[in-house]
Amino acid sequence: MMAIASDKVSSDVIEVSEFPHIAQRYQVYAVPKTVINDTVQFEGAVPETAFTQAVEQAVGANGQPSRDQEAT
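What you see is a predicted model, and the numbers here were worked out from it, not measured in a lab. (Residues numbered from 1 in each chain as written. Predicted model: local features only at pLDDT ≥ 70, side-chain atom pairs only at ≥ 80, totals over all residues. Heavy atoms only, no water.)

*Asks:* Looking at this structure, I do not really get the packing of aromatic side chains. What am I missing?
*Replies:* To describe a pair of aromatic rings, one takes the distance between the centres and the angle between the planes. By the definition in use, this model includes one aromatic pair. Arranged with centres 5.8 Å apart and planes meeting at 85 degrees, the rings of F42 and F51 form a pair that is edge-to-face. Note on F51: relative accessible area 27%, which makes it partly exposed. (Phe/Tyr/Trp six-rings, centres within 6.5 Å; stacked < 30°, edge-to-face > 60°. Buried < 20%, exposed > 50% of the residue type's maximum accessible area, 1.4 Å probe, protein only.)

This is the structure:
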């Protein structure tokens, strides 16, 4: 829904059984698995507020990449 609401957000849905190298790379053991900017990951459905907090953690509260992300 965030990707629909904002052009600053993009998302991909991947069928990991068709792309086992991606499942291995992100250590997918359960679905859904959410990976945000390769810095924050979680499995399972989460409440909207927790999801929003995870996005803020991944990009920084001001919408800019976190310092850790800038270094990579």
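*Asks:* Just checking my understanding: could you explain the environment of D12 for this structure?
*Replies:* Note on placement: D12 falls in the loop between α1 (2-5) and α2 (20-25). For D12, a relative accessible area of 73% puts it in the exposed group. C-alpha separation for the pair D12 and T34, spaced 22 residues apart in sequence, amounts to 10.0 Å. (Helix = DSSP H or I, 4+ residues; strand = E, 2+ residues; numbered from the N terminus.)

*Asks:* It is not clear to me how the nonpolar core should be interpreted in this structure. Could you clarify?
*Replies:* It is characteristic of soluble globular proteins that their nonpolar side chains tend to be buried jointly. Formed by I36, V40, F42, A54, V55 and A58, the largest nonpolar core amounts to six residues. With three residues, the single largest contributor to this core is helix α3 (residues 48-59). Not counting the four nearest positions on each side in its chain, I36 is found in contact with F42, A54, V55 and A58. (Core = buried A, V, L, I, M, F, W, Y, C linked by side-chain atoms within 4.5 Å. Contact = heavy atoms within 4.5 Å.)

*Asks:* Teacher, can you tell me more about unusual backbone geometry here?
*Replies:* The general pattern is negative phi for most residues beyond glycine and trans for most peptide bonds. Following V31, the chain continues to P32 via a peptide bond in cis, the omega torsion being 0 degrees. Tracing the backbone shows P32 in the loop between α2 and β1 (33-36). Positive phi values are uncommon outside glycine, yet Q27 reaches one of about 50 degrees. Of note in the backbone geometry, N37 takes a positive phi value of approximately 50 degrees without being a glycine.

None of the figures reported here should be taken as evidence of function without further support.
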